[in-house]
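# Fold and contact review
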There are 2 protein chains.
Amino acid sequence: MEMDRVELRQLRYVVAVAETRNFTRAARQCFVAQSALSHQIGSLERELGVKLFARTSRRVELTPAGEAFLVGARQSLEAADRAVSDAAAAVGEVRGRLAVGIIPTVTAVDIAAVLQRFRERHPHVRVGLHVGASDVMAAEVAAGDLDVAFLGLAAGNPPQGVEARELGRGPLVAVVSGRRGAARRRRVSHARARGPRRGRPPSARGLALRRLSRRFGRPGAE
Amino acid sequence: MEMDRVELRQLRYVVAVAETRNFTRAARQCFVAQSALSHQIGSLERELGVKLFARTSRRVELTPAGEAFLVGARQSLEAADRAVSDAAAAVGEVRGRLAVGIIPTVTAVDIAAVLQRFRERHPHVRVGLHVGASDVMAAEVAAGDLDVAFLGLAAGNPPQGVEARELGRGPLVAVVSGRRGAARRRRVSHARARGPRRGRPPSARGLALRRLSRRFGRPGAE
DNA sequence: TTGGATTACGCGTGTCGTAACGATC
DNA sequence: GATCGTTACGACACGCGTAATCCAA
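Cut-offs applied
- Residues numbered from 1 in each chain as written.
- Chains lettered and ligands numbered in written order.
- Predicted model: local features only at pLDDT ≥ 70, side-chain atom pairs only at ≥ 80, totals over all residues.
- Heavy atoms only, no water.
- Near = heavy atom within 4 Å.
- Polar contact = N/O pair within 3.5 Å; in protein donor to acceptor, adjacent residues only side chain to side chain.
- Helix = DSSP H or I, 4+ residues; strand = E, 2+ residues; numbered from the N terminus.
- Nonpolar A, V, L, I, M, F, W, Y, C, P; charged D, E, K, R; others polar.
- Contact = heavy atoms within 4.5 Å.
- Buried area = accessible area lost by both parts, 1.4 Å probe.
- Salt bridge = Lys/Arg side-chain N within 4 Å of Asp/Glu carboxyl O.
- Buried < 20%, exposed > 50% of the residue type's maximum accessible area, 1.4 Å probe, protein only.
- Expected span 1.5 Å × (residues − 1).
- 1 Å grid on protein atoms, 1.4 Å probe; cavity = no way out; pocket = protein on both sides within 12 Å on 5 of 7 lines; lining within 4 Å.
- Points joined across faces, edges and corners; volume = space filled by probe spheres on them.
- pLDDT = per-residue confidence, 0-100.

To continue, consider the protein's contact with DNA strand D. Taken together, 18 residues are adjacent to DNA strand D, and A:Phe23, A:Ser38, A:Arg55, B:Tyr13 and B:Ala33 come closest. In the interface set of DNA strand D, defined as its atoms within 4 Å of the protein, sugar plus phosphate atoms amount to 71%. One of the side-chain N or O atoms of A:Gln34 is found 3.1 Å from a base nitrogen in DNA strand D. Side-chain polar atom of B:Tyr13 to a phosphate oxygen of DNA strand D: 2.6 Å apart, as the coordinates give it. Elements that contribute at least two residues to the surface near DNA strand D include exactly α2 (23–30) and α3 (34–48) of chain A together with α1 (8–20) and α3 (34–48) of chain B. Per-class residue counts for the surface near DNA strand D are seven nonpolar, eight polar and three charged.

Structural data, given as structure tokens:
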């Protein structure tokens, strides 16, 4: 058939319109202006010689042809997605999402540099940074809302239901959920003795974070 | 996953390279310069952060990641192809029989290639090819024995009872029955000026046939 | 030296966004 | 009049081709 000019961009737009039944919302969902989306849809329809949507200026409906097209369009997008996932998996790339908690102290500035390097190494891990109180975040880690948190606790007071490692002489402690099986399999080589009170970036903590990512960053961990 | 920048164009190129194991031949197969293909492949690899091909400057091999990617890439292209086919089918796939007449001149070799492409596009149309003299076939078209004929006539002598379009400066003329209502609804954008005497394949004539098929190939036309 | 992939660079097309327009409720 | 899709138009980016470069046999 003559699909040489069809591109995934158009399929994405078609699916978005089919889902929202509304060009404007579909455009927002695709992060484009809706004129761009309208143009692409129209271009595709002209290319196919077939109307995919019936616009009645208050409601957008799929035509029978649009319904038929939608099936293959979704499959095509899913297959493309599988392709990139499988390629990444073949080389064992780190993917997924990582929710990190930190306390609002001077250590936060170090985290910024660490995260930058982390993102360079693992560009496909979506990192979410959450700032809060130590005890609250310890609970969030236990609940699974956070994957890992850097926080300060009293020395003789290890948090419950989570796994903790002391990273330095200072009060800084990494806390991860104790329910995570992977967390128990390997040990975290904790940071060398260098307290956060020093102004220098404690790169060892970056190392710890990088190691942590090996476990929590995988697709299954999310 | 992160496939928002991946496009079918890149998948087509990847498949072509995987098939030919050679960038140059793949580029020819895709009707582009191999620099363009190289650029797209490289761009995709950079986007994925994964090498899909191992170039050893005399042989191009798929990496394991490339093999993994190829599977989904092929499926994606096939699904997209299905999408456009199904959309076309939903609005009335081209079916029926088409009786084509041609004159036994050099134009016949072009017809062969055109018909091959036509059959790929419309596998459910039974095409019958009939060779004969121009005046005889013009009469057959008028009688409905032929659906369309490519033939040569004197310039000032339009055939009676049929609709004719001049396809080029040369004597080649398409003749269809004047009784066909569909033939009057739209105009044929006739071929650009390139006489059949040139040895080059006049692709414009293929275009004309493809356009004709839109009308006569429909179920109602048979 | 030849075959073949990458890189550099100018150019055309395509895609996007802003904005004006049109249509419908 | 409000909402939503289309059309117009200018700007920017992207993909492409020509050609120079590099690399291996």
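At the interface, 36 residues of chain B touch 38 residues of chain A. Taken over both partners, the interface formed by chain B and chain A buries close to 3200 Å², and the fraction arising from carbon and sulfur atoms is 62%. On the surface where chain B and chain A come into contact, there are two salt bridges. Across the pair A:Arg12 and B:Glu7 runs a salt bridge, and its minimum N-O distance is 2.9 Å. Our count for the contact surface shared by chain B and chain A stands at 15 residue pairs in polar contact (both at pLDDT 80 or more). Those elements giving two or more residues to the side of chain B that touches chain A turn out to be α1, α3 and α4 (64–90) of chain B. For the side of chain B that touches chain A, the element with the most residues is α4(B), which contributes 20 residues. Residues belonging to the side of chain B that touches chain A are distributed by class as follows: 22 nonpolar, four polar and 10 charged.

This part is about the pattern of salt bridges. Once their charged atoms are close, side chains differing in charge can pair, the charge on each being opposite to the other. Residues and elements named next belong to chain A. This structure, assessed with the given rule, holds 11 salt bridges over all chains. The salt bridge involving Glu 45 is made with Lys 51; its shortest N-O contact spans 3.7 Å. The class for Lys 51 is exposed, based on a relative accessible area of 54%. Residue Arg 59 is joined to Glu 61 by a salt bridge in which the shortest nitrogen-to-oxygen separation is 3.7 Å. Residue Glu 61 is classed as partly exposed on the basis of its relative accessible area of 29%.

The next subject is helix α1 (residues 8–20) of chain A. All names here are of chain A. Under the 1.5 Å per step criterion, the end-to-end length of α1 is 18 Å for 13 residues, consistent within 8% with the ideal 18 Å. The buried fraction of α1 amounts to 11 of the 13 residues, a majority that puts the element mostly inside the structure. Considered for burial, the residues of α1 that qualify are Leu 8, Gln 10, Leu 11, Arg 12, Tyr 13, Val 14, Val 15, Ala 16, Val 17, Ala 18 and Thr 20. Looking one or two residues past α1, Arg 21 carries a phi angle of roughly 55 degrees, positive in sign.

What follows is about the protein's contact with DNA strand C. Taken together, the neighbourhood of DNA strand C is formed by 17 residues, with A:Tyr13, A:Ala33, B:Thr24, B:Ser38 and B:Arg55 sitting nearest. Backbone atoms, meaning sugar plus phosphate, form 76% of the atoms of DNA strand C positioned within 4 Å of the protein. Within the side chain of B:Arg55, an N or O atom sits 2.4 Å from a phosphate oxygen of DNA strand C. At the level of secondary structure, the elements contributing two or more residues to the surface near DNA strand C comprise α1 and α3 of chain A together with α2 (23–30) and α3 of chain B. In terms of residue count, the dominant contributor to the surface near DNA strand C is α3(A) (three residues).

Roughly 840 Å³ of volume is contained in the second largest pocket. For the second largest pocket, the lining is made up of 21 residues, of which A:Arg12, A:Cys30, B:Met3, B:Asp4 and B:Arg5 are closest to its centre. Of all elements in the fold, only α1, α2 and α4 (64–90) of chain A reach the threshold of two or more residues within the lining of the second largest pocket. If one sorts the elements of the lining of the second largest pocket by residue count, α1(A) sits on top with six residues. For the lining of the second largest pocket, the class distribution of residues is 10 nonpolar, one polar and 10 charged.

It is worth spelling out the confidence of the model for chain A at this point. All names here are of chain A. A residue-level look at chain A finds 61% of positions with pLDDT of 70 or above and a mean pLDDT of 72. In the model of chain A, helix α7 (residues 181–185) stands out as the element of lowest mean pLDDT, 31, in contrast to α1, which has the highest, 96. Across residues 178–222, confidence stays below pLDDT 50; counting only partners more than four residues off in sequence or on other chains, it has 82 contacts.

Glancing now at unusual backbone geometry. Residue and element names in this part refer to chain A. A positive phi is found at Arg 21, a non-glycine position, where the angle reads about 55 degrees. Looking at where Arg 21 falls in the secondary structure, it is placed in the loop between α1 and α2. For Arg 21, a relative accessible area of 38% translates into the label partly exposed. Here Phe 31, not a glycine, exhibits a phi torsion of approximately 60 degrees, which is positive. Among the structural elements, Phe 31 can be located in the loop between α2 and α3. We classify Phe 31 as exposed; its relative accessible area is 77%.

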